[in-house]
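Chain by chain, the residues:
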Amino acid sequence: MKSIAFWEPAKDYFKQEADILDAIKGCLKRGELVLGFGSEISNFEERFAKYIGVKYAVMTGGGTHSLLLAYRALGISGNWNYLIDLINRGEISYEQALERFEGDEVVTVSHTFISSIDQITATGARPVLVDIGDDGLIDPVLIEEAITPMTKAIVPVHLEGKVCDMEAINKLAKDFHFYVIEDAAQALGADTYEGKAGALGDIGCFSLYPAKMIGGIGNAGMITTNSKKIYEKVSMLRCNYNIGRANKNTATAEYGYQLEPDAIFAAVLNVKIDKLDKRIARRAEIAGRYLLELADLPLALPPDPSGRVWQDFVIRTVNRKGLIEHLTNKGIAVRGHDIIPNHWYERLHLNYRLPMTDSYLATQFRIPCNDNLSDGDVGYIIKTIREFYDRK
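Since this is a predicted model, take the numbers as computed values, not measurements.

Rules used in this analysis
Residues numbered from 1 in each chain as written. Predicted model: local features only at pLDDT ≥ 70, side-chain atom pairs only at ≥ 80, totals over all residues. Heavy atoms only, no water. Helix = DSSP H or I, 4+ residues; strand = E, 2+ residues; numbered from the N terminus. Rg over C-alpha atoms; globule rule 2.2 N^0.38 Å. Buried < 20%, exposed > 50% of the residue type's maximum accessible area, 1.4 Å probe, protein only. Contact = heavy atoms within 4.5 Å. Lys, Arg positive; Asp, Glu negative; His and termini not counted. Charge placed at Lys NZ, Arg CZ, Asp CG, Glu CD. Phe/Tyr/Trp six-rings, centres within 6.5 Å; stacked < 30°, edge-to-face > 60°. Salt bridge = Lys/Arg side-chain N within 4 Å of Asp/Glu carboxyl O. Patch = residues over 30% accessible without salt bridge, like charges linked within 9 Å, V, L, I, M, F, W, Y side chains within 5 Å. Areas by Shrake-Rupley, 256 points an atom, 1.4 Å probe, with all protein chains shown as cover. Axes fitted to C-alpha atoms, helices over the stretch in contact; angles between N-to-C directions. Parallel < 35°, antiparallel > 145°, perpendicular 65-115°, else oblique. Left-handed = near helix turned anticlockwise from the far one by under 90°. Nonpolar A, V, L, I, M, F, W, Y, C, P; charged D, E, K, R; others polar. Polar contact = N/O pair within 3.5 Å; in protein donor to acceptor, adjacent residues only side chain to side chain. 1 Å grid on protein atoms, 1.4 Å probe; cavity = no way out; pocket = protein on both sides within 12 Å on 5 of 7 lines; lining within 4 Å. Points joined across faces, edges and corners; volume = space filled by probe spheres on them.

So, about the overall build of the protein chain. Helix and strand counts for the protein chain stand at 15 helices and 11 strands. A compact globule built from 392 residues would reach a C-alpha radius of gyration of about 21 Å, and the protein chain, at 22 Å, matches this within 12%. When burial is assessed residue by residue, the protein chain has 54% of its 392 residues classed as buried. Put simply, of all contacts in the protein chain between residues at least 6 apart along the chain, 70% involve residues at least 24 apart. Charge centroids of the protein chain, computed over 45 positive and 52 negative side chains, lie 5 Å from each other.

In this section: the packing of aromatic side chains. Under the definition given, this model contains 10 aromatic pairs. Between the aromatic rings of F388 and Y389, the centroid separation amounts to 5.0 Å while the plane-to-plane angle is 90 degrees, which identifies the pairing as edge-to-face. Considered together, F388 and Y389 belong to a single accessibility category, that of buried residues. Taken together through their ring pairs, the aromatic side chains of F44, F48 and F206 make up a single cluster.

Next up on the list: the pattern of salt bridges. Using the criterion set out here, one finds 22 salt bridges in the structure. One salt bridge connects D377 with K2, and the closest N-O pair in it is separated by 3.2 Å. Pair noted here: D377 is in helix α15 (residues 375–390) and K2 is in the segment before α1 (9–15), with a separation of 375 residues, a long-range link. Of the charged contacts in the structure, one is a salt bridge between R279 and D371, with a shortest N-O distance of 3.0 Å.

A cluster of acidic side chains, namely D134, D135, D165, E167 and E194, defines a negative patch on the protein surface. Locating D135 in the fold gives a position in the loop between β3 (126–130) and α8 (140–146). Here D135 falls in the partly exposed class, since its relative accessible area comes to 34%.

Between helix α12 (residues 276–293) and α15, the shortest axis-to-axis distance is 11 Å and the interhelical angle comes to 25 degrees. With respect to each other, α12 and α15 are oriented roughly parallel. Between α12 and α15 the crossing geometry is right-handed. Judged by residue contacts, R282, I286, R289, Y290 and E293 of α12 engage D375, V378, G379, I381, I382 and R386 from α15. Here the residues of the contact of α12 with α15 sort into five nonpolar, one polar and five charged.

This paragraph deals with the side chain of R320. For R320, the location among the structural elements is in helix α13 (residues 320–329). At 3.3 Å, the side chain of R320 and the backbone oxygen of A362 are in polar contact. Within polar-contact distance, the side chain of R320 engages the backbone oxygen of Q364 at 2.8 Å. With residues up to four places along the chain from it excluded, the contact list for R320 reads H337, L361, A362, T363, Q364 and F365.

Once that is clear, we can look at empty space enclosed by the protein. Within this structure, the stated rule accounts for one cavity of 30 Å³ or more. If you add up the space inside the largest cavity, you get close to 60 Å³.

This is how it looks when you write it as structure tokens:
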């Protein structure tokens, strides 16, 4: 039986094996292992900033780190994490916590990886969740309804490679005076008439995890911005080496973290970024075949707006269980069908009613769309899906 993996990091490696090994050996021979020793990290930051079309980029230890540093850099704070702890210990009610809350609110969605939300609470701020539209992305109309005097930022999540309605979101930001932090973890390379994802708000946050578009060799992330002030603040917070030695200004230094990346990861990404557009184009070819050759089936296929990238190809169907079982029996790996909405977790106290999010996650799953798939693999996946409906 044919076997098709959802993603294949080993194949990524073998495609550029010699260059990757040379990059790693170079770091080891030069003793360039961590931030501050050598130029691999700063070189990759410069190349990444140029690719996105921004003035500054700061590499981090992961996408979650990028979000936390972005929130901290904008001064987002509050006492919500303390109040959640009191709720979970049974000392106060959720309603009492709302009354006692002091600080900032950050509006985002439940339909995202939990980091978008839990790093808001890590600063003490309160996440305010709104529902998604038919496209699976944050609904700008609902953002406006959620804005209060405590709103300090909006986090649009460019999920699956689709870009949120940034024109509408940025207009709201201008009208109501809040920051826009793009969670672009799944949208590296996505382009719009306004610019690329990560260049459309005050800050862009990326994940460079192995399963993402660029395919790193471990956890890493990136922050992008056009603000020198934000760039300098993120750079300071990223590494607490800045306290005591690197930062001589005792009046401005703040508590930071150990959230910097490894130089070897940057060295490999300096190799891989050369092939990024080629990988994006191959995924678009695969998605194009799916959209064309599955169009007549009773499936909800993903939207294909100009400039999107295909981090994932998401199918929605009321026959999800049966179709997944059929694909699995034929050796085709799928993902995303077991996602539980973040607002369902009781101890997180995300007490929101989000029917569109619930409906979307109840019917969706992802089929392989990675750029290592052969034309034969893609044809087999299409054939297998069609077989499921032909037998009905």
